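Coordinates in review
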Amino acid sequence: MENPDAAHLRKVEVCLSPALFPVYYSNKNCVVVVIDVFRATSAIVTAFDNGIKEIIPVSSIEEAKEYKEKGYFVGAERKGEIIEGFDFGNSPFSYMQDQLKGQTVVLTTTNGTKALNRAKAADRVIVGSFLNLTAVINYLREQKKDVLLLCAGWRDRFNMEDTLFAGAVVEGLIEDPLFGNLADSATASMHLYQVAKDDLNEYLKNTSHRRRLARLNLEKDIAYCLQRDISSNVPELVGNALTVK
Ligand SMILES: O=C(O)[C@H](CS(=O)(=O)O)OP(=O)(O)O
Ligand SMILES: [Mg+2]
């Protein structure tokens, strides 16, 4: 493909924490990719792979309780653990159950669902994880819009795993010269991914979230979430619910 006119190049930016969400992307003709690799967005992608109809992300435990009282299946997690009284937390393995096929599920998590709600103001909001990496890149290349990769991070702070995924998407996007307007955050994330990509598991061994989940005996979840391209689903926020086409 020929190099497009510089004036028409698409912007690609990485937002390293929901607290830094740039106003520029609110109500704008762009795609926001919400990223919470450990574990919310990996669980969401897995849920759709298992035939769940839709997921309603909510920020607070109170909202989740209201849905629970109405009879919905509700996943609720804080600090890596299932909140008492709910059906499950945010382990991808919880979303592989047959009883969830065709169902609406409500989800609240420490970081991921908050980032999703923060992104709502944008024109299009999709969900990314290593599980659907190439599907996300292909979606963005088809849309040809500006791209914001929003890392859920941890409690409004930077984390490594979400930034690495953002870097992987940037690396995939720049094969198309249209995506030639990279913010410094996009270039830095891509360079980080290029250092880590041959052994993500090893590179992430001494990171904060990894230590937190390892303490909770969630190594199996980590190994699952670091698989690349096992899903072709790209969940998209339509109204207040995530669905797939
Ligand atoms: O369980 C997770 O994966 C995390 C919990 S923690 O607060 O980072 O320990 O939640 P998430 O919202 O999926 O980042
Ligand atoms: Mg996380």
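Keep in mind it's a predicted model, so treat the numbers as computed, not measured.

How each quantity is defined
Residues numbered from 1 in each chain as written. Chains lettered and ligands numbered in written order. Predicted model: local features only at pLDDT ≥ 70, side-chain atom pairs only at ≥ 80, totals over all residues. Heavy atoms only, no water. Helix = DSSP H or I, 4+ residues; strand = E, 2+ residues; numbered from the N terminus. Rg over C-alpha atoms; globule rule 2.2 N^0.38 Å. Buried < 20%, exposed > 50% of the residue type's maximum accessible area, 1.4 Å probe, protein only. Contact = heavy atoms within 4.5 Å. Salt bridge = Lys/Arg side-chain N within 4 Å of Asp/Glu carboxyl O. Donors = N, O, S within 2.8 Å, 3.2 Å for Na, K, Ca; no water. Near = heavy atom within 4 Å. Polar contact = N/O pair within 3.5 Å; in protein donor to acceptor, adjacent residues only side chain to side chain. Areas by Shrake-Rupley, 256 points an atom, 1.4 Å probe, with all protein chains shown as cover.

Attention now moves to the overall build of the protein chain. If you tally the helices and strands in the protein chain, you get nine helices and eleven strands. Over its C-alpha atoms the protein chain spans a radius of gyration of 17 Å, differing by no more than 12% from the 18 Å that the globule rule assigns to 245 residues. For the protein chain, the spread of C-alpha atoms along the three principal axes comes to 55 × 40 × 30 Å. Residue burial in the protein chain is summarised as follows: out of 245 residues, 55% are buried. Taking contacts inside the protein chain between residues at least 6 apart in sequence as the whole, the part at least 24 apart equals 77%.

This brings us to the pattern of salt bridges. Pairing between side chains of opposite charge can happen when their charged atoms approach one another. Summed over all chains, the structure comprises ten salt bridges. Here Arg-39 makes a salt bridge to Asp-221, at a shortest N to O gap of 3.0 Å. Of this pair, Arg-39 sits in the loop between strand E2 (30–35) and helix H1 (40–49) while Asp-221 sits in helix H9 (residues 219–225), placing them 182 residues apart in sequence. Per residue, the accessibility class of Arg-39 equals that of Asp-221, and both read buried. A salt bridge links Lys-68 to Asp-87; the nearest nitrogen and oxygen atoms lie 3.2 Å apart. On the criterion of sequence distance, the pair formed by Lys-68 in helix H2 (residues 61–69) and Asp-87 in the loop between strand E5 (81–82) and strand E6 (104–108) is long-range, its members being 19 residues apart. The exposure class of Lys-68 is partly exposed, given its relative accessible area of 28%.

Turning our eyes to something else, we now look at the coordination of the magnesium ion (ligand 2). When four donors bind a metal tetrahedrally, each ideal donor-metal-donor angle is 109.5 degrees, and when six bind octahedrally, the ideal angles are 90 or 180 degrees. Taken together, Asp-36 (OD) and Phe-38 (O) make up the protein donors of the magnesium ion (ligand 2), found 2.0 to 2.3 Å from the metal. Asp-36 sits in the buried class, given a relative accessible area of 3%.

For ligand 1, the set of nearby residues contains 16 residues, the closest of which are Asp-36, Arg-39, Glu-77, Thr-109 and Asn-111. The contact in question runs from an oxygen atom of ligand 1 to an N or O atom on the side chain of Arg-39, over 2.6 Å. Residue Gly-112 places a main-chain N or O atom 3.0 Å away from an oxygen atom belonging to ligand 1. Burial of ligand 1 by the surrounding chains reaches 99%, relative to a free accessible area of 370 Å².

Its place among the elements puts Thr-113 in helix H3 (residues 112–119). Its relative accessible area of 0% is what places Thr-113 among the buried residues. Within the local environment of Thr-113, its side chain forms a polar contact with the backbone oxygen of Val-58, the two atoms lying 3.2 Å apart. Sequence-distant contacts of Thr-113, that is, excluding residues within four places in its chain, are made with Pro-57, Val-58, Ser-59, Leu-107 and Thr-108.

Here Phe-38 and Arg-39 are connected by a cis peptide whose omega angle stands at -5 degrees. One non-glycine residue, Asp-156, lies in positive phi territory at about 65 degrees. Following the sequence through the fold, Asp-156 ends up in the loop between strand E8 (146–151) and helix H5 (160–173).

Just geometry here; none of it tells us what the structure is for.
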